[in-house]
Amino acid sequence: METFWPLFFVCLGEIFELKAELNSDKKEKKKEAVKKVIASMTVGKDVSALFPDVVNCMQTDNLELKKLVYLYLMNYAKSQPDMAIMAVNTFVKDCEDPNPLIRALAVRTMGCIRVDKITEYLCEPLRKCLKDEDPYVRKTAAVCVAKLHDINAQLVEDQGFLDTLKDLISDSNPMVVANAVAALSEIAESHPNSNLLDLNPQTINKLLTALNECTEWGQIFILDCLANYTPRDDRESQSICERVTPRLSHANSAVVLSAVKVLMKFMEMLPKDLDYYGTLLKKLAPPLVTLLSAEPELQYVALRNINLIVQRRPEILKHEMKVFFVKYNDPIYVKLEKLDIMIRLASQANIAQVLAELKEYATEVDVDFVRKAVRAIGRCAIKVEQSAERCVSTLLDLIQTKVNYVVQEAIVVIKDIFRKYPNKYESVIATLCENLDSLDEPEARAAMIWIVGEYAERIDNADELLESFLEGFHDESTQVQLQLLTAIVKLFLKKPTETQELVQQVLSLATQDSDNPDLRDRGYIYWRLLSTDPVAAKEVVLAEKPLISEETDLIEPTLLEELICHIGTLASVYHKPPSAFVEGSRGVQHKRLPGSAGSGESVESPDTGSAAGVSDAPPAVIPSQGDLLGDLLNLDLTPPATTGPPPPATSGMQLGAMDLLGGGLDSLLGGDLGGSSAMGAGFGAPPAAPAASFSAPVSGGLDDLFDLGGGVGMPMGAYSPPKTVWLPAMKGKGLEISGTFARRAGVIQMEMTLTNKAMSVMTDFAIQFNRNSFGLAPAGPLQVLTPLSPNQSIEVTLPLNTVGPVMKMDPLNNLQVAVKNNIDVFYFSCQYPISMLFVEDGKMERQVFLATWKDISNDNEAQFQIKDCHLSSDAASNKLQGSNIFTIAKRTVDGQDMLYQSTKLSNGIWVLAELRVQTGNPTFTVCLKCRAPEVSQCVFQSYEAVLKN
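Residues numbered from 1 in each chain as written. Predicted model: local features only at pLDDT ≥ 70, side-chain atom pairs only at ≥ 80, totals over all residues. Heavy atoms only, no water.

As recorded in an unreviewed UniProt entry, the chain goes by AP complex subunit beta and comes from Poecilia latipinna. Looking at the chain in UniProt, the text filed under Sequence similarities (unreviewed entry) is "Belongs to the adaptor complexes large subunit family." On record in UniProt, under Subcellular location (unreviewed entry), the comment for the chain is "Endomembrane system". (UniProt positions renumbered as here; feature names shortened; annotations may be inferred.)

Quick notes on helix H26 (residues 442-454)
Here H26 is 13 residues long and its end C-alpha atoms lie 18 Å apart, about the 18 Å a rise of 1.5 Å per residue gives. With 11 of 13 residues buried, H26 is to be regarded as a mostly interior element. Among all positions in H26, only Ala444, Arg445, Ala446, Ala447, Met448, Ile449, Trp450, Ile451, Val452, Gly453 and Glu454 are buried. Where H26 is buried, its residues contact helix H24 (404-420), helix H25 (429-434), helix H27 (462-470) and helix H28 (478-494). (Helix = DSSP H or I, 4+ residues; strand = E, 2+ residues; numbered from the N terminus. Expected span 1.5 Å × (residues − 1). Buried < 20%, exposed > 50% of the residue type's maximum accessible area, 1.4 Å probe, protein only. Contact = heavy atoms within 4.5 Å.)

Concerning the sheet that holds strand E7 (residues 814-820)
Strand order in the open sheet made by the 3 strands is E4-E7-E8, with antiparallel pairing throughout. Each edge of the sheet is formed by a strand with only one pairing partner; in this case those strands are strand E4 (766-769) and strand E8 (825-831). Here the average twist between neighbouring strands, direction ignored, is 25°. By the bridge criterion, 4 bridges tie E4 to E7 in an arrangement that is antiparallel. Looking across to E7, one finds that Ile767 is bridged to Val819. (Pairing = 2+ DSSP bridges. Axes fitted to C-alpha atoms, helices over the stretch in contact; angles between N-to-C directions.)

Observations concerning the environment of Asp824
Position of Asp824 relative to the elements: it lies in the loop between E7 and E8. A polar contact is formed between the side chain of Asp824 and the side chain of Lys733, at a distance of 2.7 Å. (Polar contact = N/O pair within 3.5 Å; in protein donor to acceptor, adjacent residues only side chain to side chain.)

A word on the packing of helix H22 (residues 367-383) against helix H23 (residues 388-400)
Describing two packed helices takes the angle between their axes plus the distance from one axis to the other. Close contact between H22 and H23 brings their axes to 8 Å; oriented N to C, the two are set at 160°. As summarised for this structure, H22 and H23 are arranged roughly antiparallel, according to the angle between their axes. For the pair H22 and H23, the sense of crossing is left-handed. For the pair H22 and H23, the contacting residues are Val374, Ile377, Cys380 and Ala381 in the first and Ala388, Cys391, Thr394, Leu395 and Leu398 in the second. (Parallel < 35°, antiparallel > 145°, perpendicular 65-115°, else oblique. Left-handed = near helix turned anticlockwise from the far one by under 90°.)

Quick look at unusual backbone geometry
In this structure, Pro811 follows Asp810 across a cis peptide bond, with omega equal to -5°. Here Pro811 is to be found in the loop between strand E6 (793-801) and E7. Here the phi dihedral of Asp764 falls at roughly 55°; this positive angle occurs in a residue that is not glycine. Mapped onto the elements, Asp764 comes out in the loop between strand E3 (747-756) and E4. Asp764 sits in the exposed class, given a relative accessible area of 51%. A positive phi angle, close to 55°, is found at Asp868, a residue other than glycine. Assignment of secondary structure puts Asp868 in the loop between strand E9 (861-866) and helix H39 (873-881).

Concerning the packing of aromatic side chains
Considering all chains together, one arrives at 11 aromatic pairs under this definition. For the pair Tyr300 and Tyr333, a centre-to-centre distance of 5.5 Å together with 90° between the ring planes defines the contact as edge-to-face. Of this pair, Tyr300 sits in helix H19 (residues 296-312) while Tyr333 sits in helix H20 (residues 332-345), placing them 33 residues apart in sequence. Residue Tyr300 is classed as partly exposed on the basis of its relative accessible area, which comes to 24%. Relative accessible area serves as the criterion here: at 33%, Tyr333 is assigned to the partly exposed category. When the ring of Phe849 is compared with that of Tyr900, the centres are 6.1 Å apart and the planes differ by 75°; the resulting orientation is edge-to-face. In this pair, Phe849 is assigned in helix H38 (residues 846-855) and Tyr900 in strand E11 (residues 896-904), connecting sequence segments 51 residues apart. (Phe/Tyr/Trp six-rings, centres within 6.5 Å; stacked < 30°, edge-to-face > 60°.)

Next up, the structure:
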C-alpha cells in the first residue's frame, strides 16, 4: 500500500536527518539545518519534535544562527512550555553578552514568549536591560515591558518596571523616549484610570525635544501622547503648537495627521483674535492638500479625516475647493468622499464654480456617482440660499436629459427645495408632472406623490395623477403607500366635492386590504378624523410644516469632538468612536476637546478655592445628551411597544394634533363615534381597529431614557399653580373640567375637578394624552369610582409618568388631552408648569457645575429679568429649593448676591442658572445655560411663578 504524507507533516526520515544535522559539530551544517527547520515551519509543517535540538543551538556566537533559533523558540514555546524553560539560562546569559545586538535580541525574544511559567525568570534580565548603557537595548527593553504587562500585569507592577519606564521618558536618547511613551500609552489604554502618563510641562518639554530627533514612528507615538495633554493656558498651548508645526511638512502622512490632531486640539484654547491663530489656520491647509496627491487608498483616509476637520473648522480649507474636484481616474470611493467635502465647503463665494462641476459630474457614466452629484446640487440649494434659483435651473436642465435615474434623483431633491423655500419655485411642478410615468424607484415616486398632494390646488389634474398611482397600490413599497394615503387625504381636504370616491377607495385599501400595521393605523387615524371633525383634520393634515435644516448629515457635536481627538486612527475613517468597533473596549476612553479660550469668563468659580485645584483633578462634565437622547426636542421618538404593531410612521411631517388612535382606539372611544362630516355626506366611520389595552402605561427601552430621576423624597412647599378651567361646560356637553398640576413626593399629579352641568348622569370616564415634548402620560386609568350626577362635582387626582411617546410641541409645555365618558369624547389643551418635571436629584457638585457651565456653549445662554420680586436671596433660594431648583453656591459682589443653581428635568436635561439679587432692588436677573436651549423660556416662567407666588 502506498503511504500518503500530508503537506504539514514531515516524514520521520526527514526529522531524523535534521536532528543529525542540528547536532553536527560543523557550524555551517548546523546553521543550514536550522534554516531548513525554519523553512518547514514557515510553510506550516510541524517541526516541534526538534525543539530540544534547536534550543541546544542557542549556545553560539553566530548572530544569524541565534536569530533563527529565537524565531523558532517564539513560535513553539507556547506548545512546549516545559521545554522552553531550558532556554531561560541562555536568555539570562545573552542579556549580559558584550554585543548590544545580542542583548537586545534576547530581551525582544523574551517579550514574545507568552508562557506564564517562564515570565518570572525573565524579570532580572529585563531589569538589567532597562538600565543598559546602550540605547538600542534600552529602547527594546521598554517595549518588552508592555508585552510582559499584557501577559502578567501584576508581576510588572510588583517588580517596579512601570516606574523604570517612567524614568526612561527623561532618557537622553530620543528613540528610548519614544518607545517608553509607546509602552506607557499601550499599558494606559488597558488601565485608563492608572494615570501612568503623568503629563506635566516638564515632561511635555522633554517629549518635544525628543520629537525632532527620533524616527517617524517614534514621532507618531510622541504626538499621540501630546494629544492627550491639556495645556494650562493659551500661552502654553501656543508654545506647543509652534514646536509641533514643523511636523506638518514631514514625508510620512501618519506623522502629518498626528500633528494635525495635536494642533486641532490645542487650537481650541487659542483666542480667535490672536494673530497666531490665523497663521496656524493657514499652515494647516497645505499639508492636508498634499495628502491628496498620494495613492487612492491614502487619499481616502486623508479625505475621511478632512471631512471631520471641515465640519469642525471649515475656514481651514475654504480657499482650497479646487483640490476636491473629482479626477476622471479617481476610484468611486474617493469621488464620493470628495463630493461630500465639496458640499461642506460650498459658500456664496464659490457656489458658481461648484455648480458647474456638479453639473458636469451629473453626465458621468458611474450611476452611483451621478446620483450623489444630483443630490449634491439639491444640498447646495438648501445650504446657500442665493444659489437656490441657479440650482433649480440646473436640476431642470438635468430633467430635460430624460436619463431615468437622473430625473428620479432630481425630483427627490426638488421636494426638499420646496420644503426649504415654500411658495418660491412651484412653477416647475408642470415639468415634474411630465416625467411621472418614468418614475420606478420608491423614493422618487414618494417624492412626486408628496409634491402632487402638497400642491394639489395648483395642479388641475391632481386627482387623475394620484389615481394612476392607486391602480397598483398593493404592489407599491410601504414608503409610497403611506405617502399616497396622505396625499389623497390632503387632496380631499382641498377639493372635497371632486375626490370623495378617491379618498374612500384609498382608506378602504389602507385599512381593510393591507397587512402593514403602519399603513393600517394611519388609515384609521385619517378615517376617524374625517368622520368626526373635518376642521381638526384640516388643522392636522394641512398643518404648516417646519423648514428643513441646512445640514442634515453633520456628525453630532459631541461625537465630532471625540473623533477629532482620534484623527489618524481607524475611528476617523469609520466616523465611529473606538468603543463602537473595538472588541472588549473596557479601556477605551471617551476623549473631548478642551474648552475654548475665554469660555465661561462671565462666570467665576462658585467656590472660592484656587483654580489650580480645579486643573489638578478636572471634574467630570455632565455630558451632552447627544448620544443618549438625540436632539430630544426635534425628534419624534415613540417608545417601542411591548406588544402589537409598531406605531404609525409620519410622512415627512409631524402630526400636530391628537394621536389618540395608535394603540387601539375602540377601547377608548367606545366603538362607532357616529359623527357626520360636513365635507362629505355619508362619509361613515371606519371598520373597527384591533382593540388594545388603554390603561397600561407604555413601557420599554425608553423607561431609563426619560425617567432618569431617582426616587428622592420631595421637600414640601413645592409651587403648584391655582386651578383653571380646561374644558368649559359648553364645549364638554355639560362636563366642565378645571385642574392644575402638582409634584408631590416625587410624583407628578394632574389634579382635576369634574363638574356635571348637564341633565343626565355621566359614567365610564377614561383619559388619554397626545404625544408631547416630555413624554407625559397617565400612570394608570382615570379613577372616577361613582357616577357623576347632575350638578355634582368630584375631585380626581391622576398620577403621571414621563415614559410616554415624545413629540415637540409649541409651546413646549403644551399638553393635548382627550377625555371620554358615556356621552362623547372631548378634546382640550392645557399647559403644565415645567417645574413639575424638576427631579429631586438635580443638585450638582460644585466642581461639576463649574466645568459644565464652561463646557456649554455661550450661544446656549439666555438672560431674563423677574420684576417686582420683594425677596431676600436666602428666601428666594429656599422657595426655589421647594421646587427642586437647588443652590450650589452663593457669593456677594458689590452688594449683589449671586446664586449658582442647578436643576434637572425628568428626561435628564440639566439646566444651570445664575440668579442675581441686588439688595433693595425688586428686579432679579436670571441667566440660564442648557444644552437644549429650547427649554430656557419655560424654565424662566417657572422661576417667575415660584418666586412671585
